[in-house]
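# Analysis of the macromolecular model
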Amino acid sequence: MTAPTKASSKARLSQERSRVRREQLLDATIALFAEGGARAVTHRAVAARAGLPPATPGYYFDSVGDLLTTALTRHVETWIEDMTAMADLSLGLEIDLDDARGLVSMAFGERSLDTVHLQLSTFLAVSADPELQPLATRALGAVESLAARMLATVGVTDAQAIAESLVHLMIGSAATRLTGRHDDEHTADVLFDAVRRLVATATMDPQAITDALPRAERPAD
């Protein structure tokens, strides 16, 4: 085996340093975006947060827009990978629907408000960009896949059909947590109760659902 030359070793070290610096810039961009939105992301602010010289972002990215788009894309891609991994992990769980209340509380406990704010604001920013909307769609699909697998794990039939509605509930609960209106225990209770009602309704005949819903009285002529 040919020993690496001094030049090739230097080249690899240079590539690794460039990779690390690029990751530092992207991490700093997401941190600034979480704190102040897109307006907080400037070359100077990103460099300062990353602890790098002011001109560094311009060396790796064509513009602030390019930097922000790349950071948002990487963040959501990582989120999708995490959701997919969690969905795969859920296949090995053995729980019932009553255990799911504990899972909701555990999930809230492991996701700080800062994390919820970052993920929700990032998702909204990506959704608002026509070029990035396909990425947002993929992210929603990953969450729906996780929801479907979790529902199937607790014995829910036709889990995929319910998953989309469940994701709507999850997004709503995330927004509710950020308002601080209720503590996490209350929000978890509300979400869990909504999931139970959703699952129960899914087992009913459509006509039975219609009959069960209150009907507003028509005003007198």
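Just above, that's the structure.
Fair warning: this is a prediction, and the values are worked out from it, not measured in the lab.

Before going further, it helps to spend a moment on helix H2 (residues 43-50). Among all positions in H2, only Val-46, Ala-47 and Ala-50 are buried. Angular distribution of buried residues about the axis of H2 spans 95°; they occupy a single face of the element. Away from its buried face, by an angle of more than 90 degrees, H2 presents the exposed residues Arg-44 and Ala-48. Just downstream of H2, Gly-51 is the residue with a positive phi angle, here 75°.

As a further point, take the pattern of salt bridges. Scanning the entire structure with this criterion turns up 6 salt bridges. Note that Glu-35 is salt-bridged to Arg-49, the shortest N-O span being 2.9 Å. Taken together, the residues Glu-35 in helix H1 (residues 6-36) and Arg-49 in helix H2 connect sequence positions 14 residues apart. When its relative accessible area of 57% is taken as the criterion, Glu-35 is described as exposed. With relative accessibility at 40%, the residue Arg-49 sits in the partly exposed group. One network of salt bridges, in which partners are shared, links Glu-23, Asp-27 and Arg-74.

The rules we used
- Residues numbered from 1 in each chain as written.
- Predicted model: local features only at pLDDT ≥ 70, side-chain atom pairs only at ≥ 80, totals over all residues.
- Heavy atoms only, no water.
- Buried < 20%, exposed > 50% of the residue type's maximum accessible area, 1.4 Å probe, protein only.
- Helix = DSSP H or I, 4+ residues; strand = E, 2+ residues; numbered from the N terminus.
- Arc of directions from axis to C-beta.
- Salt bridge = Lys/Arg side-chain N within 4 Å of Asp/Glu carboxyl O.

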